[in-house]
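# Chains, contacts and geometry: an overview
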Amino acid sequence: MQDTQGTNLDPWYGHYAERTAGLSASEVRALFAVASRPEVVSLAGGMPYVSALPQQLIERAALRAATDRAAVALQYGSGQGVPRLREQILEVMALEGIHGSVDDVVVTTGSQHALELLAKLFLDPGDVIIAEGPSYVTAITVFRSFQGEVVHVPMDDQGMNPQALRETIERVRAAGKRIKFLYTIPSFQNPTGVTLSWERRVEILEIARTSGILVLEDNPYGLLHFEQAPPPAMRSIDSEGVVYLGTFSKTLAPGLRVGWAIAPHAIREKLVLANEAAVLSPSSFSQIVISEYLDTADWKGQISTFRDVYRERRDAMLGALSDYLPSMTWTRPAGGFYVWLTMPEHLDSKAMLPRAVKELVAYTPGTAFYADGDGRRNMRLSFCYPQPDFIREGIRRLSTVINGELAL
Ligand code: PMP
């Protein structure tokens, strides 16, 4: 990866704050330019399939925001978010088992911005964030940009391993480091697609509580389940020790950039102050569009439509993997956007990527999802965006590349 600060073509080299050392272009981002060529089947990005959203639903909501609701939609708003939208967010949250007060909801500019605000509120240089290994690439980037150190805890097909978590906490503390939070994506995790079991949710919360560690529960995919719903959100079990992050990016549209945090009272107050300092108020226009949409459209029906679209694509990917790459191992997600592929030990997904792109298929190398260089034999395969037959063709091309490597 290129270190943009390392070039003396930049006349401001040497002026940047130390914390920008953690800001390097992610492997996912560097890929976008190549992978967006139409002849390439991209299994790399995590773009929701917004074409499944009927245009008139958004059109109607946007028109209302621009006319009848313009006085509010075009104006600055509350740093905590539009009150009516916060009530509606609680209706969405009830589907995840969360029942709270509108006072606890803070609207943010996507859940990505909530991650940034929480990192800003909690991290001093050298503080440790515990996260699943692997974990969401841009969360790792945010934590690093505040000079936090991400320490991974291994996971299996039931999610993060509680015993390994206990050992990690002990080890980090024995080394004299401060742990600021436990970051987890318990349902249909990015990048593995794995869901944390109910028993482990309870056990991990108990470990966090007794260790005095705040839990950051990031849940963009929980409502996109293909069979039964995942276990209830961790926040539904513990409202004092968990900050929950949600978003409309996957159940509606990421371009609106509206997400939210549900936080214990004192943290919520700080989050609102940080939100105001960063953006004054999140986009009133986007919030009103979403509020109108939730009031007038069959939003639960729309979520079912998204589930059907992604289920078909998940099935296409799993079927193609069985047909074309039977000797590899991979996860079988029950929701969300991603499959995590494991290759034999000696293969390197990052080194293989240029050859894959030559074969007109792209994926995200596993190393992107670790802070410590792990994940070489892994890759994340996204099934959210391409049509099922493209997914199948993409996996066929991938098998040519992998089988070519194996034959070397
Ligand atoms: N968390 C996770 C785990 C994600 O996968 C994403 C989007 N890829 C986000 C947060 C950010 O989503 P947004 O800012 O669009 O809400």
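Residues numbered from 1 in each chain as written. Predicted model: local features only at pLDDT ≥ 70, side-chain atom pairs only at ≥ 80, totals over all residues.

### What about the overall build of the protein?
Short version of the rule: Helix numbering and strand numbering both begin at the N terminus, where a helix is a DSSP run of H or I of at least 4 residues and a strand a DSSP run of E of at least 2. Both definitions apply: the radius of gyration is a C-alpha atom measure, and the globule rule equals 2.2 Å times residues to the power 0.38. Three classes are used. A residue is buried when 20 or more other C-beta atoms lie within 10 Å of its own, exposed when 12 or fewer do, and partly exposed in between, with C-beta atoms placed from the backbone.
Within the protein, the secondary structure is distributed over 13 helices and 14 strands. Taken against the 2.2 N^0.38 rule, which gives 22 Å for 408 residues, the C-alpha radius of gyration of the protein at 21 Å falls within 12% of a compact globule. Principal-axis analysis of the C-alpha atoms gives the protein an extent of 65 × 55 × 55 Å. Taken over 408 residues, the protein has a buried fraction of 47%.

### Some thoughts on the site of the ligand
How we decide: Note on definitions: a residue is near a molecule or strand provided its C-beta atom, placed from the backbone, lies within 6 Å of it. Charged means Asp, Glu, Lys or Arg here, nonpolar means Ala, Val, Leu, Ile, Met, Phe, Trp, Tyr, Cys or Pro, and polar covers whatever is left, Gly included.
In the neighbourhood of the ligand, 13 residues make up the surrounding shell, with Gly110, Ser111, Gln112, Thr247 and Ser249 lying closest. No other element matches the three residues that helix α5 (residues 110-122) contributes to the shell around the ligand. Among the residues making up the shell around the ligand, the classes are represented as four nonpolar, eight polar and one charged.

### Some words on the sheet that holds strand β8 (residues 242-247)
Rules: Note on pairing: two strands pair once DSSP finds at least 2 bridges between them.
Sheet architecture is open: eight strands sit in the order β2-β9-β8-β7-β6-β3-β4-β5, paired in mixed fashion. Both edges of this open sheet fall to β2 (105-108) and β5 (159-160), since each of them pairs with a single strand only. For strand β7 (residues 214-218) and β8, the ladder comprises four bridges, and the chain directions are parallel. Residue pairing in the sheet places Asp218 in a bridge with Leu245 of β8.

### Examining the packing of helix α4 (residues 83-94) against helix α10 (residues 284-296)
The condition is simple: For helices, the fitted axis covers only the stretch in contact; all axes are lines through C-alpha atoms, and the angles between them, taken along N-to-C directions, range from 0 to 180 degrees. With respect to orientation, any angle under 35 degrees is reported as roughly parallel, any angle over 145 as roughly antiparallel, any angle of 65 to 115 as roughly perpendicular, and every other angle as oblique. Two helices crossing with the near one rotated counterclockwise from the far one by less than a right angle form a left-handed crossing, whereas a clockwise rotation gives a right-handed crossing. We call two residues in contact whenever the C-beta atoms placed from their backbones are within 7 Å.
The N-to-C vectors of α4 and α10 enclose an angle of 50 degrees; their axes lie 9 Å apart at closest approach. What the angle tells us is that α4 and α10 run oblique. Relative to α10, the crossing made by α4 is left-handed. For the pair formed by α4 and α10, the contact residues are Arg84, Leu85 and Gln88 on the first element and Gln287, Ile290, Ser291 and Leu294 on the second. A class-by-class count of the residues in the contact of α4 with α10 yields three nonpolar, three polar and one charged.

### Some remarks on the nonpolar core
We count it as follows: As used throughout, a nonpolar core is a set of buried Ala, Val, Leu, Ile, Met, Phe, Trp, Tyr and Cys residues joined through C-beta atoms within 7 Å of each other.
Formed by 72 residues in total, the largest nonpolar core has its most connected members in Leu216, Val243, Ala261 and Ile290. Residues within four places of Leu216 in sequence aside, it is in contact with Leu118, Phe181, Leu182, Tyr183, Val243 and Leu245. Residues Ala35, Phe306, Met352 and Ala356 belong to the second largest nonpolar core, which totals 37 residues.

### So, the pairing of β7
Under the convention used in this document: For a crossover, the right-handed case is the one in which the path from the first strand over the helix to the second runs clockwise, viewed with the strands pointing away from the viewer.
A large share of β7 lies buried, amounting to five of its five residues. The pairing of strand β6 (residues 179-184) with β7 spans four bridges and is classified as parallel. When the sheet's bridge partners are listed, Leu182 is paired in β7 with Val215. In this fold, the crossover linking β6 to β7 by way of helix α8 (residues 198-211) has right-handed handedness.

### Describing the environment of Gly336
The topology assignment puts Gly336 in the loop between β10 (329-330) and β11 (338-342). Note on Gly336: 30 C-beta atoms within 10 Å, which makes it buried. Through-space distance from the C-alpha of Gly336 to that of Thr195 is 9.9 Å; in sequence the pair is 141 residues apart. Discounting residues that sit within four places of it in the chain, Gly336 has contacts with Phe188, Gly193, Tyr221 and Leu224.

### Looking at helix α12 (residues 349-358)
Each α-helix turn comprises 3.6 residues. Residues three or four places apart therefore point the same way. This is how the line gets drawn: The directions from the helix axis to the C-beta atoms form the arc being described.
The set of residues buried in α12 consists of Ser349, Met352, Leu353 and Ala356. When α12 is viewed along its axis, its buried side chains cluster within an angular range of 130 degrees and face the same direction. Facing away from the buried side of α12, by more than 90 degrees, are the exposed residues Ala351, Pro354 and Lys358. Taken together, the buried residues of α12 touch β12 (361-362), β13 (364-365), β14 (378-382) and α13 (388-407). One or two positions beyond α12, positive phi appears at Leu360, with a value near 65 degrees.

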